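# Residue-level structural notes
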Amino acid sequence: MIGRLNHVAIAVPDLDAAAAQYASALGAKVGAPQDEPDHGVTVIFIELPNTKIELLYPLGENSPIQGFLDKNPSGGIHHVCYEVEDIIAARDHLKASGARVLGDGEPKIGAHGKPVLFLHPKDFQGTLVELEQV
Ligand code: CO
C-alpha cells in the first residue's frame, strides 16, 4: 500500500545552523524557510535525489514541535512520511488493522498542499508516521 518515502522530518533547535550545515557540510540543495502557521512550524525543505528532508522548527505558542524539542534538546527525527495513492482507503485499511489515526481521523492539508494523516507512534515501533496522498 505505501509507496515512496516522501520525506524524513527532523526537529531542530537552531534552524539557521541546521540549514547551513546541510548546505555546506553535506552539500545539499537547501530551500528557504517557510512558515506554516496552521501546523505551528517553520519548515526548510532539503531536496535529495531520492527523497526530501524537512527541518522543523517551532512557530507560535502551541507548536507541536516544542514538546519534542523539550525532550530532545539537540533535535531528532520527528516523523517519516510515506506516500499513498488513496489516503481514505489507506486510513480505513489501517484502522481495520488496529492502528490509531491521530486527531479527528480526517486528512488535513499538509506542508506540500496535499492531504495528510498521522498515525500513532506507539502503533509503529515508536515512530510517528505521516501518510501523504500524492
Ligand atoms: Co511531514
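Right above here is the structure, for reference.
Everything numeric here is computed off the predicted structure, so don't read it as measured data.

## Structural notes on the coordination of the cobalt ion
- Around the cobalt ion, the donor atoms from the protein are His7 (NE2), His79 (NE2) and Glu130 (OE), and they sit 2.0 to 2.1 Å away.
- In the primary structure, the donors to the cobalt ion are separated according to the pattern H-x71-H-x50-E. Placement of the pair is His7 in strand 1 (residues 5–11) and His79 in strand 6 (residues 76–84), with a sequence separation of 72 residues.
- Residue His79 is classed as buried on the basis of its relative accessible area, which comes to 5%.

## Structural notes on the pattern of salt bridges
- Counted according to the given criterion, the structure contains five salt bridges.
- A salt bridge links Glu83 to Arg4; its shortest N-O distance comes to 3.6 Å. In this pair, Glu83 sits in strand 6 while Arg4 sits in the segment before strand 1, placing the two residues 79 residues apart along the sequence.
- One salt bridge connects Asp92 with Arg91, and the closest N-O pair in it is separated by 3.0 Å.

## Some details on the pairing of strand 4 (residues 41–47)
- With six of seven residues buried, strand 4 is to be regarded as a mostly interior element.
- Looking at chain direction, strand 2 (residues 29–30) and strand 4 are connected through two bridges and run antiparallel. Directly across from Val30, in strand 4, lies its bridge partner Ile46.
- Where strand 3 (residues 34–36) and strand 4 come together, three bridges link them in antiparallel fashion. Residue Gln34 lies in a different strand from strand 4, and its bridge partner there is Val43.
- Two successive antiparallel strands, strand 3 and strand 4, enclose a turn made up of four residues, where Gly40 displays a positive phi of approximately 70 degrees.
- With seven bridges connecting them, strand 4 and strand 5 (residues 52–58) associate as antiparallel partners. Residue pairing across strands places Val43 opposite Leu56, the latter belonging to strand 5.
- Between strand 4 and strand 5, which pair antiparallel in sequence order, lie four residues.

Quick notes on the rules
Residues numbered from 1 in each chain as written. Predicted model: local features only at pLDDT ≥ 70, side-chain atom pairs only at ≥ 80, totals over all residues. Heavy atoms only, no water. Donors = N, O, S within 2.8 Å, 3.2 Å for Na, K, Ca; no water. Helix = DSSP H or I, 4+ residues; strand = E, 2+ residues; numbered from the N terminus. Buried < 20%, exposed > 50% of the residue type's maximum accessible area, 1.4 Å probe, protein only. Salt bridge = Lys/Arg side-chain N within 4 Å of Asp/Glu carboxyl O. Pairing = 2+ DSSP bridges.

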